[in-house]
Amino acid sequence: QLQASGGGLVQAGGSLRLACAASGSVFSIGDMGWYRQAPGKQRELVATITSGGTTNYTDSVKGRFTISRDNAKNTVYLQMNSLKPEDTAVYYCNAKMVVRGVWDDYWGQGTLVTVSS
């Protein structure tokens, strides 16, 4: 239901843009967000955005990352600037959606972001 794209290898200080599109029998989408999991660490919240556009960021990415969404395309984006090696992780998109009449929590497959020093 969620397909993420845009990961890759980038040098420190560089930029990447992640995208995650919802597809299938989606009736409505609520909050959307991005999480990440670095090797040997727990999955952590990166940023969230409500259907109305209110955003929230973890402290470590404030001022560097921007989350946005296109409701017409059922897509959430994460623009990542000034990337640091510690941003290296698998990034997962998340969305709360109504599918076939049921609210549920959906996850994308993950996309790897590697930042070299």
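The structure this text deals with has already been given above.
A brief report on the enclosed structure follows. All of these numbers come straight from a predicted model, not from anything done at the bench.

A closer look at the overall build of the chain
Turning to step 1, where the next piece is worked out: Tallying secondary structure elements over the chain gives 0 helices and 11 strands in all.
Turning to step 2, where the next piece is worked out: Along the chain, from the amino end to the carboxyl end, the secondary structure elements read β-β-β-β-β-β-β-β-β-β-β.
Turning to step 3, where the next piece is worked out: The C-alpha radius of gyration of the chain comes to 14 Å, within 12% of the 13 Å expected for a compact globule of 117 residues.
Turning to step 4, where the next piece is worked out: Dimensions of the chain, computed from C-alpha atoms along their principal axes, come out at roughly 45 × 25 × 20 Å.
Turning to step 5, where the next piece is worked out: When burial is assessed residue by residue, the chain has 41% of its 117 residues classed as buried.
Turning to step 6, where the next piece is worked out: Within the chain, contacts between residues at least 6 apart in sequence are counted, and of these 55% link residues at least 24 apart.

Considering the sheet that holds strand β3 (residues 16–22)
Turning to step 1, where the next piece is worked out: The strand order β1-β3-β8-β7 describes an open sheet built from 4 strands, whose pairing is antiparallel. Each having just a single partner strand, β1 (2–5) and β7 (65–70) make up the two edges of the open sheet. The average angle at which neighbouring strand axes cross in this sheet is 15°, direction not considered.
Turning to step 2, where the next piece is worked out: Bridging between β7 and strand β8 (residues 75–80) involves 6 bridges; their strand directions are antiparallel. Counted as the bridge partner of Ser68 is Tyr77 from β8.

Basis of the calculations
- Residues numbered from 1 in each chain as written.
- Predicted model: local features only at pLDDT ≥ 70, side-chain atom pairs only at ≥ 80, totals over all residues.
- Heavy atoms only, no water.
- Helix = DSSP H or I, 4+ residues; strand = E, 2+ residues; numbered from the N terminus.
- Rg over C-alpha atoms; globule rule 2.2 N^0.38 Å.
- Buried < 20%, exposed > 50% of the residue type's maximum accessible area, 1.4 Å probe, protein only.
- Contact = heavy atoms within 4.5 Å.
- Pairing = 2+ DSSP bridges.
- Axes fitted to C-alpha atoms, helices over the stretch in contact; angles between N-to-C directions.

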